[in-house]
2 protein chains.
Amino acid sequence: MAHNLAALQNLIDQFERIQGIGHKTAQRMAFYVLGLTENEARDFAGAIIQAHTKIKQCKICCDLAEDELCPICKSTARNKSIICVVEDPRDVAAIERTHEYNGLYHVLHGAISPMDNIGPDQIKIKELIARLADGAVEEVIMATNPTVEGEATAMYISRLLKPMGIVVSRLAYGVPVGADLEYADEVTLTRAIEGRSII
Amino acid sequence: MAHNLAALQNLIDQFERIQGIGHKTAQRMAFYVLGLTENEARDFAGAIIQAHTKIKQCKICCDLAEDELCPICKSTARNKSIICVVEDPRDVAAIERTHEYNGLYHVLHGAISPMDNIGPDQIKIKELIARLADGAVEEVIMATNPTVEGEATAMYISRLLKPMGIVVSRLAYGVPVGADLEYADEVTLTRAIEGRSII
């Protein structure tokens, strides 16, 4: 606003701090808030506080949870001999949507990235190693992102785990289903050729 | 989340209700909130409540204000014989940025749009007419948006004001400065030709 309304400017600034939200979007969101009824605004503010206080990390897999343990770690129906390691809680949700995987998860909350000063100690690798101590886990699937950082993290963890006699696997690379080969990048296509299977 | 965290889902829903915010962006914003410190989350929630309770409408021009009157209506330096009518408080900010206009404003908070059930009584036209009763205003500039609704609103108001002996003007239409003629649409170009001036 040209009028220097401190309360409005403060709200716009709050929205603008969110990664990927530009000034115009932040302004639009602030105006949305002004248009709410008093109860709606209170609910909105309450949702922020609630989410922040209620949601913790699962003591076992570090995924988000409202209790000590997340529903997957609590479940007796899941295969406890296999752990899928992901970078982010959203990745757990993505894999769960496939309904193909019945093991446990481990959320690293990041990937090793020396450029951003994130080393092995800044992500939940210690917690993963601790889970493997009792020998119940036979396989760890590395499902970190197919980026330089995700690759490096997968390599780092696999080197730690192999001496422990645990099978370490990696998600398959290849062309995405439904995509057009013409638009696949060279690296993906190279990996798809390397990983080809007999039909 | 696949895990049905009610508090997180509620926060995502809150963000998703904002016009123009999709599910992915809402999710990203909710995760941003989870990553805040407790104080930051409290500040964020507080900013929503503050903006909502502190910001009212100016009693005269209906622009946003923290006091009874907005700074422009309070100012003694502004020319009180001319009123610029806009649809939205953001339009006031846009015109103020030009530093070219020294009159007053009137914010309609919308435009007449029968399709959306918005008639003349749903926007601040009555308030505008009331401001003109004392005869101090000589000119009203219609700066509603160059859309069908903005046009209709400008026409409607100008028909109300002309019998009162007030000059009603409209912002000039034409090609935007710095734009490429090739990409101007036909309607804009037609208006630009119609409104040409001798140089």
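Residues numbered from 1 in each chain as written. Chains lettered and ligands numbered in written order. Predicted model: local features only at pLDDT ≥ 70, side-chain atom pairs only at ≥ 80, totals over all residues. Heavy atoms only, no water.

Engineer: Could you clarify how one ought to interpret the overall build of chain A in this entry?
Structural biologist: Regarding its fold elements, chain A presents eight helices and six strands. Mapped from its N terminus to its C terminus, chain A presents α and β elements in the order α-α-α-β-β-α-β-α-β-α-β-α-β-α. At 22 Å, chain A has a C-alpha radius of gyration far larger than the 16 Å of a compact globule built from 199 residues. Along the first, second and third principal axes, the C-alpha set of chain A runs to 65 × 45 × 35 Å. With 199 residues in all, chain A has 41% of them scored as buried. For chain A, the share of sequence-separated contacts (at least 6 apart) that also reach a separation of at least 24 residues comes to 47%. (Helix = DSSP H or I, 4+ residues; strand = E, 2+ residues; numbered from the N terminus. Rg over C-alpha atoms; globule rule 2.2 N^0.38 Å. Buried < 20%, exposed > 50% of the residue type's maximum accessible area, 1.4 Å probe, protein only. Contact = heavy atoms within 4.5 Å.)

Engineer: What should I look at first to understand the nonpolar core in this one?
Structural biologist: Across soluble globular proteins, nonpolar side chains have a tendency to be buried as a group. The biggest cluster of nonpolar side chains holds 47 residues, and the ones touching the most others in it are Phe15(A), Phe44(A), Ile48(A), Leu8(B), Phe15(B), Phe44(B) and Ile48(B). Here this core gets seven residues from one element, more than from any other, and that element is helix α2 (residues 23-34) of chain B. (Core = buried A, V, L, I, M, F, W, Y, C linked by side-chain atoms within 4.5 Å.)

Engineer: Is there a simple way to explain the side chain of Thr153(B) in this structure?
Structural biologist: On the secondary structure map, Thr153(B) appears in helix α7 (residues 148-161). Excluding its chain neighbours within four sequence positions, the residues that come into contact with Thr153(B) are Leu108(B), Ala111(B), Ile112(B), Ile123(B), Met142(B) and Thr144(B).

Engineer: Hey, could you run me through the pattern of salt bridges in this one?
Structural biologist: It is possible for side chains of opposite charge to pair when their charged atoms get near one another. Residue and element names in this part refer to chain A. The tally for this structure, following the rule as stated, stands at 12 salt bridges over all chains. A salt bridge links Arg90 to Asp88, with the nearest nitrogen and oxygen atoms 3.0 Å apart. Classification of Asp88 by relative accessible area gives partly exposed; the value is 23%. (Salt bridge = Lys/Arg side-chain N within 4 Å of Asp/Glu carboxyl O.)

Engineer: Explain the relation of the copies chain A and chain B to me, please; I cannot follow it from the model alone.
Structural biologist: Take chain A, turn it by 180°, move it 0.0 Å along the axis, and it overlays chain B with an RMSD of 0.1 Å. Read as a symmetry element, the transformation amounts to a two-fold axis. Considering only C-alpha atoms, the part of chain A nearest the rotation axis is Ala45(A), at 2.1 Å. Most of the interface of chain A is mirrored in chain B: 100% of its interface residues are interface residues there too. (Least-squares fit on C-alpha atoms with pLDDT ≥ 70 in both.)

Engineer: Explain the interface of chain A and chain B to me, please; I cannot follow it from the model alone.
Structural biologist: The partner chain B presents 52 residues to the 52 residues of chain A that form the contact. Both faces considered, chain A and chain B share a buried interface measuring about 4600 Å² in area, 75% of it formed by carbon and sulfur atoms. Connecting chain A to chain B are zero salt bridges. Counting every contact that joins chain A to chain B gives eight residue pairs in polar contact (both at pLDDT 80 or more). Within the residue set of the side of chain A that touches chain B, elements represented by two or more residues are α1 (6-16), α2 (23-34), α3 (38-54), β2 (64-65), α4 (71-74) and α5 (89-96) of chain A. (Buried area = accessible area lost by both parts, 1.4 Å probe. Polar contact = N/O pair within 3.5 Å; in protein donor to acceptor, adjacent residues only side chain to side chain.)

Engineer: Looking at this model, I keep getting lost on the pairing of strand β4 (residues 103-107) of chain A. Mind explaining?
Structural biologist: Residue and element names in this part refer to chain A. With five of its five residues buried, β4 lies for the most part within the structure. Pairing of strand β3 (residues 79-86) with β4 involves five bridges; the strand directions are parallel. If you follow Asn79 over to β4, its bridge partner there is Gly103. Handedness of the crossover is the feature at issue here: the chain leaves β3, passes through α5, returns alongside β4, and the resulting connection is right-handed. (Pairing = 2+ DSSP bridges. Right-handed = clockwise from strand over helix to strand, strands pointing away.)

Engineer: Is there a simple way to explain the packing of helix α6 (residues 125-132) of chain A against helix α7 (residues 148-161) of chain A in this structure?
Structural biologist: If you want to describe how two helices pack, look at the angle between their axes and the distance between the axes. Residues and elements named next belong to chain A. Two elements in contact, α6 and α7, have axes whose closest approach is 12 Å; the angle formed by their N-to-C orientations is 30°. With respect to α7, the axis of α6 lies roughly parallel. Judged by the sense of rotation from one axis to the other, the crossing of α6 with α7 is right-handed. Contacts between α6 and α7 pair Ile125, Leu128, Ile129 and Leu132 from the former with Tyr156, Ile157, Leu160 and Leu161 from the latter. Residues of the contact of α6 with α7, tallied by class, amount to eight nonpolar, no polar and no charged. (Axes fitted to C-alpha atoms, helices over the stretch in contact; angles between N-to-C directions. Parallel < 35°, antiparallel > 145°, perpendicular 65-115°, else oblique. Left-handed = near helix turned anticlockwise from the far one by under 90°. Nonpolar A, V, L, I, M, F, W, Y, C, P; charged D, E, K, R; others polar.)

Engineer: Explanation requested: the sheet that holds β3(A) in the structure shown.
Structural biologist: All names here are of chain A. Across the sheet, four strands lie side by side as β4-β3-β5-β6; this open sheet has parallel pairing. Of all the strands in the sheet, just β4 and β6 (167-170) have a single pairing partner and so form its edges. Within the sheet, the average angular offset between the axes of one strand and its neighbour, ignoring direction, is 25°. With four bridges connecting them, strand β5 (residues 139-142) and β6 associate as parallel partners. Note that in β6 the partner of Met142 across the bridge is Arg170. Contacting β3, β4 and β5, α6 runs over the sheet at an angle of about 150° to β4. The strands touched by α7 are β3, β5 and β6; relative to β6, the strand with the most contacts, the crossing angle is about 165°.

Engineer: Explanation requested: the state of the cysteines in the structure shown.
Structural biologist: All names here are of chain A. According to the stated counting rule, one finds zero disulfides over all chains in the structure shown. With no disulfide of its own, Cys61 has Cys70 as its nearest cysteine by sulfur position, at a separation of 3.6 Å. Cys61 provides the cysteine sulfur closest to Cys84, a residue in no disulfide bond, and the two sulfurs are 11 Å apart. Residue Cys84 is classed as buried on the basis of its relative accessible area of 3%. (Disulfide = S-S within 2.5 Å.)

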